[in-house]
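# Architecture and fold: a report
Here is what each chain is made of, one letter per residue.
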Amino acid sequence: MVEERAPAIPSVRSVELSGLWSLLALSQGALVLPVATAFAFLIAWQAIAVYGHISPTILPPPTMVLEQLVDNFWLVLKHTIPTTYEMLLAFAISIPLGIALAGLMVYSKLAYQALYPNIVFFQLIPKIALAPLFIVWLGIGTSSRVTFSIFISFFPILVATAAGLQSVETTMLRLCRSLRMSQWQILIRVRFPTSPPFIFSGMKVAVTLAIIGIVVGEFIASQQGLGYLILFASSRQQTDLALACIAVLCVVGLALYGCVVACEKLVMRWYDTR
Amino acid sequence: MQAEISCHRVRKVFGKGATAFEAVTAATLSVEKGEFVCLLGPSGCGKSTLLMMIAGLEAVTEGTILAGGTPMIEPRAEIGIVFQDPTLLPWKTTLQNVLFPIEMMGRSRSAYVGRAMELLRLVHLDDAIHKRPRELSGGMRQRVSLCRALIADPSVLLMDEPFSALDAITRDDMNIVLLELWERYRKTVLFVTHSIREAVLLADRVLVMGRSPSQIIAEIKVPFPRPRDFAIGETAQFNELCAALRREIEIARGSEAATRH
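Here goes a summary of the coordinates provided. Numbering of residues starts from 1 in each chain and follows the order in which that chain's sequence is written. By the order in which they are written, chains take letters starting at A while ligands take numbers starting at 1. Local features are withheld for residues below a pLDDT of 70 in this predicted model, meaning they are given only at 70 or higher, and side-chain atom pairs are given and counted only at 80 or more; totals for whole chains, interfaces and linings count all residues.

### Let's talk about the overall build of chain A
The secondary structure content of chain A amounts to 12 helices and 0 strands. Here a helix means four or more residues in a row that DSSP labels H or I, a strand means two or more in a row labelled E, and each is numbered from the N terminus. Beginning at the N terminus, the succession of helices and strands in chain A can be written as α-α-α-α-α-α-α-α-α-α-α-α. Burial status across chain A gives 31% buried among its 274 residues. Put simply, 77% of the contacts in chain A that link residues at least 6 apart link residues at least 24 apart. Here the C-beta atoms are placed from the backbone, and a residue counts as buried if at least 20 other C-beta atoms lie within 10 Å of its own, exposed if 12 or fewer do, and partly exposed otherwise. The contact criterion used here is simple: two residues whose C-beta atoms, placed from the backbone, lie within 7 Å are in contact.

This is how it looks when you write it as C-alpha cells:
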C-alpha cells in the first residue's frame, strides 16, 4: 500500500509546486526579477566601493549616496521643483506643437513639401550643439531651457503623429471620397481618431528627450535645478551628492513616463469602448 | 427607357510613357434601373477599376460614363459602395458606422436612426448594434458595411467583390442576405465578382469581362424567377449557365489558360 501510494504524493506535490512556480514566474517577469537584479547590482557596488578601498570621490557606495539624499533632502527638493516644472512645461507644449504640425503637413501637401524636408534636416544637426545658442538667443532664464527642450522633444511626436494620420488605409480613404468628405473632414473624423496609438508611442520617446533638454540647459546656464546641482557637486568633487541628484532625476523621469503610460491606458480604454 | 448606368468605350490607363499600364481597354455596358448585374472576370481583367470609375473614384482616360443620364465625374450621394474590405471605423459601434455617411453628408442623424435599425434587422444584426467592429465576425462586418451603403437610400449600389474575403459558408449566407435586401429595396446593383456560381445566383444578367483586351466579351441573361434561394443551384439549368460562363472565361484567359492546363 505504501509503495503504491508513494508515487501519488510527489505527484500532488508537483502540482502544488507547478502552481507555485507559475505564480513565481508571473511575478518574476513583472517585478521580482528586475528588482532582485537591481538589488544585487547595488550590493556589488557597495562591496566594491567599501572593500576595494576606492575613494568616495570616484565611486561612493550607495549607502553614502542615500545618506547625502537624506541629509540634503530640502536642498535637493528645492532644485527638483524648477527642473520638474520646466520639463512638464516643455513636454506640455511639444505635444500640441507636434500634433498640430503633423496635422498641417498631412492636410496640406504644400505645407508637407515646404516643411517636412527642412524639419528632417534640422533633426540631423546634433541638437545638443545648438543648446548654447538658445542661451544667446533667449537668455539664461526658463524660456531658453524650455524652448531648447521643446526643440528636441517635439520631433518624435510630429513623426509619430504623421505616421498615424497616414496609416488610414486606401479603401477607407476611397470610402471617404465616395461620401464626398472634404480633406478637413477626413483629417478630423477619420485620420485623427485613427492616430492615438501612434501619438502615444511618439510621446513616450518625447518625454525622455524633454528631460534631457532641460538638464542640458541647466548644465549650460542656470542658477537652479538638478542639472545645476549636479554640475555644482561635481565641481566640488561631491560625487555622492551628484549621484543623489541623478537618482532623483531617475525618479522624476520614471514618474513622467508612468504618467504618459497611464494616460495611454486611459485613452485606449476610452478609444475601445466609447 | 434610359439606363441607370451606361459606359461607352471606357478606357483607363495608369501612368504615362514607358510605365503606362492599360487597365481597361474599351468597356461598354449598361445597367437598367432596378436591374442586378454581375460583372464577372478573371483577376486582373480591370473589373474593379471599371467599377471605381463608375463610382467616380477614378478618372476616366477615354470614353464616357453616364449615371442617371449625366456624366459621372465625381462621387455622388445616390451611389452606395461596398468594398472588399468592410472599411468600418474601429472606434464606432455598428449603429454609428451605419449612420456615418449621414453624418458626413450633414443630414439629420435622428431622421435616419429608424432606417438604420430596419436595415440592421434585415441583415440579422439587431443584437449587435452597440458592438464595435473588432467584436464582430468578418461576415457581420461586411453586413454592417452593406447597411452603411444603403443608409442614404442610394439608387445604385456598386459592390466590389464584397464577399471574396469571406469563407465559403459565410459567403453563402451573405448571398442570401443580399438577395433578401434586394427583394426589399430593388436597387440597381452592379456587382463585381470572380465567382461564377455567385454571379448566376444573384444576377439578372452576367457580363463577362476579358483580359487584354480588357472589355466586355459576353453577356448571359439569367432567367431564374425571383425570389431565389440556393435550391436553384441544384438545377441542371443553373449548372449549364455556369458551364457556359466558364467557357467564356476560358476564352477570355486565352493562351494563358491553355498552357496552365
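Having seen it, we continue.
### Focus on the sheet that holds strand 4 (residues 62-67) of chain B
Residue and element names in this part refer to chain B. What makes two strands pair is DSSP finding at least two bridges between them. Ordered in space as 2-1-4-5, the 4 strands form an open sheet in which the pairing is antiparallel. Here the strands that pair on one side only, and so sit at the sheet edges, are strand 2 (21-31) and strand 5 (70-71). Two strands pair when backbone bridges link them, and strand 4 and strand 5 are joined in this way by 2 bridges, in the antiparallel orientation. Residue alanine 67 lies in a different strand from strand 5, and its bridge partner there is threonine 70. The axes are straight lines fitted to the C-alpha atoms, using for helices just the contacting stretch, and the angles between their N-to-C directions are given from 0 to 180°. Contacting strand 1 (5-14), strand 2 and strand 4, helix 1 (residues 47-54) runs over the sheet at an angle of about 115° to strand 1.

### Examining the interface of chain A and chain B
Facing 14 residues of chain A, the contacting portion of chain B comprises 12 residues. Counting residues per element, the ones that place at least two in the side of chain A that touches chain B are helix 8 (170-178) and helix 9 (183-194) of chain A. Looking at the side of chain A that touches chain B element by element, the count peaks at 6 residues for helix 8 of chain A. Residue type decides the class: Asp, Glu, Lys and Arg count as charged, Ala, Val, Leu, Ile, Met, Phe, Trp, Tyr, Cys and Pro as nonpolar, and the leftover types, Gly among them, as polar. Partitioning the side of chain A that touches chain B into residue classes produces 7 nonpolar, 3 polar and 4 charged.

### What to know about the environment of Glu67(A)
In this structure, Glu67(A) sits in helix 3 (residues 62-71). Along the primary structure Glu67(A) and Asp240(A) are separated by 173 residues, whereas in three dimensions their C-alpha atoms are 8.7 Å apart.

### Description of the sheet that holds strand 7 (residues 156-160) of chain B
Strands in a sheet are paired, the pairing made by backbone hydrogen bonds, and the direction either parallel or antiparallel. Residue and element names in this part refer to chain B. Strand order in the open sheet formed by 6 strands is 6-7-8-3-9-10, and the pairing between neighbours is mixed. The open sheet terminates on both sides in strands that have one partner only, identified here as strand 6 (79-82) and strand 10 (216-221). Direction aside, the axes of adjacent strands within the sheet are offset by 15° on average. Pairing of strand 7 with strand 8 (residues 188-193), which is carried by 5 bridges, proceeds in the parallel orientation. Each bridged residue has a counterpart across the sheet, and for methionine 159 the counterpart in strand 8 is phenylalanine 191.

### Structural notes on the packing of helix 4 (residues 73-107) of chain A against helix 7 (residues 142-165) of chain A
Residue and element names in this part refer to chain A. At a minimum axis distance of 6 Å, the contact between helix 4 and helix 7 shows a crossing angle of 40°. Viewed along their axes, helix 4 and helix 7 adopt a mutual orientation that is oblique. As helix 4 packs across helix 7, the resulting crossing turns out to be right-handed. Here the contact of helix 4 with helix 7 is built from residues that sort into 18 nonpolar, 7 polar and 2 charged. Here roughly perpendicular refers to angles of 65 to 115 degrees, roughly parallel to angles under 35, roughly antiparallel to angles over 145, and oblique to all remaining angles. In this scheme the crossing of two helices becomes right-handed for a clockwise turn of the near helix relative to the far one and left-handed for an anticlockwise turn of less than a right angle.

### Points about the pairing of strand 6 of chain B
Residue and element names in this part refer to chain B. In strand 6, alternate side chains face the same way, and those of Ile79 and Ile81 on one face and Gly80 and Val82 on the other are all buried. Bridging between strand 6 and strand 7 involves 4 bridges; their strand directions are parallel. In the strand pairing of strand 7, valine 82 is matched with methionine 159.

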